[in-house]
Amino acid sequence: MATVTSVRNSDLPRHQAGTPTSVSGFVTVTPGSSLAVNEDALKNNTGLPIEVREIKFAFTIGAPAGAFEAMIGVKTVKGDTKAITQTPIPISLLGIRRSMMSESLVNDSIAIEFSKAFIGQAVWRIDTPLYLMPGESLQITIGHRGLIPNSTFVIVTMSGTVVQRAPSKRYLPYVAAYIGQQIDFSASLTVPGQSSTEKHLVNALKIPVRIMRFTGRLPAIKNNLFTEAGGWSETPDGVENLVAITMRSSNGVPTVRFATPFGRVFEQISASWECQHTLPPGGYYLVNFPLITSPNLVNVQFLPMIAMHGVREDQS
Amino acid sequence: MIEPVILADAATLNDTTAQSAALDTAKMTPPSNRPMLVRDICIGVRSPRNLAFPRWINPAIALQIKIEAGRFVVTQGFIPAWLLGSNNDKQADFNGVDSAGTSNNTIATGGQSMSRLKWILPRPMYLPPNTPLRVSVKQVQIFAEQAGYQQFVNFSARGLLLDRQQRTTDVPYVSSFVSPVPLSGPNTARVQSGQLELCNVLDKPVTLHRLIGRIAWQVPFTVGNPFWNPGEDDAIGFRGDDGSGDPTLAVPRAYGVLLKDSGGVAMTSGATSEYLPFWSIFAPGYNSWTMQRVLKANEHITAILSKPATAKVCPMISMVGYRTERI
């Protein structure tokens, strides 16, 4: 007598167009490690295209999304990979912040919650739907950035709708990022400036990218705890004013000409700068953090992070 | 090629030596002799690091701003800065106060309060080459108790540098009415806006997008107030109207408002009174009455406020719209 030990997607009833669908995979990452989510878990086995609208991340430790990073791509049926992220991107930088509360999960005052292992989460609502064709899978590698001490169980879910056919002209997201050096005022009142290079906020593709926005975070790291800038008053109020940036395009245009507080570039609610325009292949932006002077020594470090979001035509 | 761009500058305001300041027009001019499309404006208002005076929960209530785009008026004189945009998030202009000792991971040593405002313009505004945004900021004293403080203001206009010029531009238009006094004590009087306050003073129609209503008020802070840091001494504070769960909010909730158009026709009406609770029109957390209405030249809206209870409050209303101008 045969015993059924597992159910494969192909055993399930055939999907019909219009069916909402969510598929999940998971990994457990330890500090400093990275692991790929099982590709089969995020594979389109419906026989029809899936219009993916959201990619969601859930963490069994109540850790902010910025403590983890994701490298995302689409694996085609031929085995090629179409990159969505140029490098591993801190998960909090994927998308617009919907609420200032959403990323303030870990800090001193609720450290007790930390030990209760409640769930943190992040949702990336994709600007233009991503079409996963039959047999294609989402490739996601989750990295633990070592900013919190705990191993974490991360669930990755893509949600969308099964559709009869995908449009002939499709788009794929594109995300590039600059993760700066820690800004540390624990020993010195001044911190040297730092800059991104032409390899960070760059269109590394051979086709133009329609840039939708920049997102920025200035999380604080202290005593192995990690908080996202812009939350409640537990997060450093002064930092968004203290840390300023300038920015230039690869054309030499001063897009942020004078040192401007981080919080006025990446407005504090959405933590984003909406600026739809087209960046040609090889085009880039240089971000500079000038010398910073703090009025006080504080036992906390800040980590500047900026991402550039866009979409480009899927030419497969 | 179109590129993102930010124009930014900052100012420090005092209530005695520098009540107002104009931002640097050179910094407020799009770079590279190119035109700009302004999409939104962000304003940060911060109190000093050491508060030797009554606590501020929302320093934005005392900041007014005046904006011109080249030769076009954006605001009709100085406008309360927090009346520019609807409050798209409950915490949009709320951050509370960090005080010494309660939080080690703060840059502030004596505590400070911070307000952050974002105004997404009704329509993106085209700014011709070499045309500055002329921005002035001013500190106003609403309540007598707020004397003796500083504000640090930083301003940014975010948008795109364009590669071609336009012949027309959609310019926002904002005017406001601020209750003339912080009313206190039993009072059955009504306060009414004048014909030049919520008024289209231009010579062309303005398409209204919304009315925004907010209330600044002075409250005694006590332990147990959900937005007050435990451990602080009880003190007088000033705040905006975004504190759900706070029992003292009964006052602004009960504040009655009646709106009439230029013809004297009531725009608001209730079952038992033509006055509606302020917050039933300007919902907390959103503070906005969205509308799509054309206000002809010289037409105005009249706001009549009735004050039912004892409190030090200062209601304010603005109307936000735009018109198209030929360059």
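Residues numbered from 1 in each chain as written. Chains lettered and ligands numbered in written order. Predicted model: local features only at pLDDT ≥ 70, side-chain atom pairs only at ≥ 80, totals over all residues. Heavy atoms only, no water.

(A) Representation of the nonpolar core. Residues Ile41(B), Ile43(B), Ile65(B), Ile67(B), Trp119(B), Leu133(B) and Phe155(B) are the most contacted members of the largest nonpolar core, which totals 48 residues. Ranked by size, the runner-up nonpolar core spans 42 residues in total, among them Ala65(A), Ala70(A), Ile89(A) and Met158(A). (Core = buried A, V, L, I, M, F, W, Y, C linked by side-chain atoms within 4.5 Å. Buried < 20%, exposed > 50% of the residue type's maximum accessible area, 1.4 Å probe, protein only.)

(B) Expanded view of unusual backbone geometry. Residues and elements named next belong to chain B. A positive phi angle, close to 50 degrees, is found at Asn33, a residue other than glycine. Here Asn33 is to be found in the loop between strand 2 (20-22) and strand 3 (36-46). Backbone geometry places Asn298, a non-glycine residue, at a positive phi of 75 degrees. Secondary-structure assignment places Asn298 in the loop between strand 18 (288-295) and strand 19 (302-306). (Helix = DSSP H or I, 4+ residues; strand = E, 2+ residues; numbered from the N terminus.)

(C) Summary view of the environment of Ser137(A). All names here are of chain A. As for its placement among the helices and strands, Ser137 is situated in strand 8 (residues 137-144). On the basis of relative accessible area, Ser137 is assigned to the buried category, the value being 4%. Along the chain, Ser137 and Gly79 lie 58 residues apart, while their C-alpha atoms are 9.8 Å from each other. When neighbours within four sequence positions are excluded, Ser137 is seen to be in contact with Glu39, Leu42, Lys43, Gly73, Val74, Lys75 and Leu132. (Contact = heavy atoms within 4.5 Å.)

(D) Just the sheet that holds strand 15 (residues 209-217) of chain A, in detail. Residues and elements named next belong to chain A. Judged by pairing direction, the sheet is antiparallel, and its 4 strands sit side by side in the order 10-24-15-20 without closing on themselves. Since the sheet does not close on itself, it has two edges, and those belong to strand 10 (170-179) and strand 20 (272-279), each with one partner. Averaged over all pairs of adjacent strands, the angle between strand axes in this sheet comes to 20 degrees, irrespective of strand direction. Note: strand 10 against strand 24 (residues 305-314), 10 bridges, orientation antiparallel. Paired with Tyr171 across the bridge in strand 24 is Glu313. (Pairing = 2+ DSSP bridges. Axes fitted to C-alpha atoms, helices over the stretch in contact; angles between N-to-C directions.)

(E) Layout of the pattern of salt bridges. Residues and elements named next belong to chain B. Applying the stated criterion across every chain yields a total of 18 salt bridges over all chains. Asp40 is the salt-bridge partner of Arg39, the closest N and O atoms lying 2.8 Å from each other. We note a salt bridge from Arg158 to Asp40, for which the minimum N-O separation is 2.8 Å. With Arg158 in strand 11 (residues 150-161) and Asp40 in strand 3, this residue pair connects regions lying 118 residues apart in the sequence. (Salt bridge = Lys/Arg side-chain N within 4 Å of Asp/Glu carboxyl O.)

(F) Highlighting the confidence of the model for chain B. Residues and elements named next belong to chain B. When pLDDT is averaged along chain B, the result is 75, and 66% of the positions lie at 70 or above. Element-level mean pLDDT values for chain B span from 36 in strand 8 (residues 97-98) up to 97 in strand 6 (residues 72-73). In this model, residues 221-237 is a region of pLDDT below 50 whose contacts with residues beyond four sequence positions or in other chains number 45 contacts. Taken as a whole, residues 242-250 scores under 50 in pLDDT and shows 19 contacts with residues more than four places along the chain or in a different chain. For this predicted complex, the interface score ipTM comes out at 0.82, alongside a pTM of 0.84. (pLDDT = per-residue confidence, 0-100.)

(G) Looking closely at the side chain of Arg170(A). Residues and elements named next belong to chain A. Within the fold, Arg170 resides in strand 10. Among buried Asp, Glu, Lys and Arg side chains, Arg170 stands out as unpaired, with Asp314 the closest opposite charge at 4.0 Å. A polar atom in the side chain of Arg170 sits 3.4 Å from the backbone oxygen of Pro167. Setting aside anything within four residues of it in sequence, one finds Arg170 in contact with Tyr131, Met133, Arg312, Glu313, Asp314 and Ser316. (Lys, Arg positive; Asp, Glu negative; His and termini not counted. Polar contact = N/O pair within 3.5 Å; in protein donor to acceptor, adjacent residues only side chain to side chain.)

(H) Spotlight on the side chain of Thr255(A). If you trace the backbone, Thr255(A) turns up in the loop between strand 18 (244-249) and strand 19 (256-261). Here Thr255(A) falls in the buried class, since its relative accessible area comes to 0%. Ignoring sequence-local partners within four residues, the contact set of Thr255(A) consists of Met247(A), Arg248(A), Ser249(A), Trp273(A), Tyr285(A), Glu3(B), Pro4(B), Val5(B) and Ile6(B).

(I) Inspection of the packing of aromatic side chains at higher detail. Under the defined criterion, the tally for this structure stands at 7 aromatic pairs over all chains. Summarising the aromatic geometry, the rings of Tyr178(A) and Phe289(A) are spaced 6.4 Å apart at their centres and angled 35 degrees between planes, so their arrangement reads as tilted. Placement of Tyr178(A) in strand 10 and of Phe289(A) in strand 21 (residues 284-289) is noted, with a sequence separation of 111 residues between them. Here Tyr178(A) falls in the buried class, since its relative accessible area comes to 4%. When its relative accessible area of 0% is taken as the criterion, Phe289(A) is described as buried. Centroid distance Phe262(A) to Phe266(A): 4.9 Å. Interplanar angle 50 degrees. Geometry classified as tilted. A relative accessible area of 2% places Phe266(A) in the buried class. What links up through ring pairs into an aromatic cluster is the set Tyr178(A), Phe262(A), Phe266(A) and Phe289(A). One cation-aromatic arrangement involves Lys27(B) over Phe258(A); the distance from NZ or CZ to the ring centre is 5.1 Å. Over the ring of Phe78(B) we find Lys138(B), and its NZ or CZ is 4.5 Å from the ring centre. (Phe/Tyr/Trp six-rings, centres within 6.5 Å; stacked < 30°, edge-to-face > 60°. Lys NZ or Arg CZ within 6 Å of the ring centre and 35° of its normal.)

(J) Quick peek at the environment of Gly32(A). Residue and element names in this part refer to chain A. On the secondary structure map, Gly32 appears in the loop between strand 1 (20-29) and strand 2 (34-36). When its relative accessible area of 59% is taken as the criterion, Gly32 is described as exposed. Each C-alpha atom, one on Gly32 and one on Ala67, is 10 Å from the other, the two residues being 35 residues apart in sequence. Other than its neighbours up to four places away in sequence, Gly32 contacts His144 and Gly146.

(K) A look at the environment of Leu286(A). All names here are of chain A. Here Leu286 is to be found in strand 21. Among the residues examined, Leu286 registers a relative accessible area of 30% and is labelled partly exposed. Expressed as a C-alpha distance, the spacing of Leu286 and Ser249, which sit 37 residues apart in the sequence, is 6.3 Å.

(L) Inspection of the sheet that holds strand 19 of chain B at higher detail. Residue and element names in this part refer to chain B. Taken together, the 4 strands give an open sheet; going across it, the order is 13-19-16-17, and neighbouring strands pair in antiparallel fashion. Each edge of the sheet is formed by a strand with only one pairing partner; in this case those strands are strand 13 (190-192) and strand 17 (276-277). Relative to strand 17, strand 16 (residues 256-260) is paired through 2 bridges, and the arrangement is antiparallel. Each bridged residue has a counterpart across the sheet, and for Gly256 the counterpart in strand 17 is Pro277.

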